[in-house]
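Chain and residue survey
So you can see what is in the structure, the chains are spelled out below.
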Amino acid sequence: MLGEIKATVDRHARNFEAAVGQRMVDMELDNHDHHLAYRLLGVGSTDGQSIDRHQNTGRFLYRHAGSLMEEVTIACFAHAFPGSGKQMIDNTVGTKPAQFEIDCLVGQDAIEIKWRDATTDGDHVSKELARLTTIAAAGLRPVRLMYFEPQRQQARKIQGRLRESYLQSGGEYHSGDDAWIYVESRTTVDLRSVLEDLSSHLR
């Protein structure tokens, strides 16, 4: 189990480094016409290029962080509950998307895994609520895990709305420390300690 988690972490670290490296190479060939807008706001070309590099790195970082946390969580549940894992379910409350993906189906528990969700986008919230309604209508229990809570007030407000919706649907919502505790209580794997130990050896 620990070896599988480490292998997943190593793979994502390699893929992240490779993706960022390739993007930096590609950016060397980009034109910088958009820096005109930067200059109008008092940001020079050198700082503008640095901002562009960090913004692109951030996009890859968030994507790989989310995928990493999802994969290691699924591995914990698969270890404790063989046969559990991803599952597609037809959207019965709308047409877009045609199906919703359940990150990890464990018996009747449809677990949604988020490393962090700081969105305030209305369309994103509507899609989440449609997904929740579809899962509950299928006789499954929606469970949402979010390891790291957003800091901004509006994003926290959105998460509060989602929490209420999960509970009203007979589901569960676990965030912050409670998410780590939930995983350990269900799988016996202290995932946070495992990841903390791995990160300490990578510094």
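Since we're looking at a predicted model, the values are computed, not measured. (Residues numbered from 1 in each chain as written. Predicted model: local features only at pLDDT ≥ 70, side-chain atom pairs only at ≥ 80, totals over all residues. Heavy atoms only, no water.)

1. A closer look at the sheet that holds strand S1 (residues 85-90)
- Pairing in this open sheet of five strands is mixed, and the strands run S1-S2-S3-S4-S5 from one edge to the other. Lying at the two open borders of the sheet, with one neighbouring strand each, are S1 and strand S5 (172-175). Between one strand axis and the next, the sheet turns by 35° as a mean value, whatever way the strands run.
- Pairing analysis gives five bridges linking S1 to strand S2 (residues 99-106), with the strands arranged antiparallel. Counterpart to Met88 in the pairing with S2 is Glu101.
- Set on the sheet, helix H6 (residues 177-187) makes contact with S2, strand S3 (109-116), strand S4 (141-148) and S5; between it and S4 the angle comes to about 120°. (Pairing = 2+ DSSP bridges. Helix = DSSP H or I, 4+ residues; strand = E, 2+ residues; numbered from the N terminus. Axes fitted to C-alpha atoms, helices over the stretch in contact; angles between N-to-C directions. Contact = heavy atoms within 4.5 Å.)

2. Thoughts on the pairing of S5
- Sheet analysis places S4 next to S5, joined by four bridges and oriented parallel. Counterpart to Leu145 in the pairing with S5 is His174.

3. With respect to the packing of helix H3 (residues 45-80) against H6
- In the contact formed by H3 and H6, the axes pass within 9 Å of each other and the chain directions differ by 25°. When the axis of H3 is compared with that of H6, the two are roughly parallel. Of H6, the residues touching H3 (which contributes Met69, Thr73, Cys76, Phe77 and Ala80) are Trp180, Tyr182, Val183, Arg186 and Thr187.
- Of the residues assigned to the contact of H3 with H6, the class counts are seven nonpolar, two polar and one charged. (Parallel < 35°, antiparallel > 145°, perpendicular 65-115°, else oblique. Nonpolar A, V, L, I, M, F, W, Y, C, P; charged D, E, K, R; others polar.)

4. Here's the deal with H6
- Among all positions in H6, only Ala179, Trp180, Tyr182, Val183 and Thr187 are buried. The buried residues of H6 occupy one face: seen down the axis, they fall within an arc of 155°. In this structure, H6 carries Ile181 and Ser185 as exposed residues pointing more than 90 degrees from its buried face.
- Looking one or two residues past H6, Thr188 carries a phi angle of roughly 70°, positive in sign. (Buried < 20%, exposed > 50% of the residue type's maximum accessible area, 1.4 Å probe, protein only. Arc of directions from axis to C-beta.)

5. As for helix H1 (residues 2-27)
- Here H1 contains 26 residues, and its C-alpha end-to-end distance of 37 Å stays within 8% of the 38 Å for a straight helix at 1.5 Å per residue.
- All of the buried residues in H1 are Ile5, Thr8, Val9, His12, Val20 and Met27. (Expected span 1.5 Å × (residues − 1).)

6. Topic: the nonpolar core
- The biggest cluster of nonpolar side chains holds 24 residues, and the ones touching the most others in it are Ile5, Phe77, Ile111, Tyr147, Leu191 and Leu195.
- For this core, the secondary-structure elements that each account for two or more residues are H1, H3, S2, S3, S4, H6 and helix H7 (191-202).
- If we ignore the near neighbours within four places in the chain, the residues touching Leu195 are Ile5, Val9, Met69, Val72 and Trp180.
- One finds Leu132, Met146, Leu162 and Tyr173 within the second-largest nonpolar core, a separate group that totals eight residues. (Core = buried A, V, L, I, M, F, W, Y, C linked by side-chain atoms within 4.5 Å.)

7. Here we look at a nonpolar patch on the surface
- Taken together, the side chains of Leu36, Leu40 and Leu41 present a nonpolar region at the surface, about 380 Å² in accessible area.
- Take Leu41: it is sitting in the loop between helix H2 (35-40) and H3.
- Taking relative accessible area as the criterion, Leu41 reaches 73% and is therefore assigned exposed. (Patch = residues over 30% accessible without salt bridge, like charges linked within 9 Å, V, L, I, M, F, W, Y side chains within 5 Å. Areas by Shrake-Rupley, 256 points an atom, 1.4 Å probe, with all protein chains shown as cover. Salt bridge = Lys/Arg side-chain N within 4 Å of Asp/Glu carboxyl O.)

8. So, the pairing of S2
- Counting buried positions over the eight residues of S2 gives six, a clear majority of the element.
- Sheet topology note: the S2/S3 ladder contains three bridges and is antiparallel. Within S3, the position partnered with Val106 by the bridge is Asp109.
- Joining the antiparallel neighbours S2 and S3 is a turn of two residues, in which Gly107 adopts a positive phi near 65°.

In short, geometric facts, not functional conclusions.
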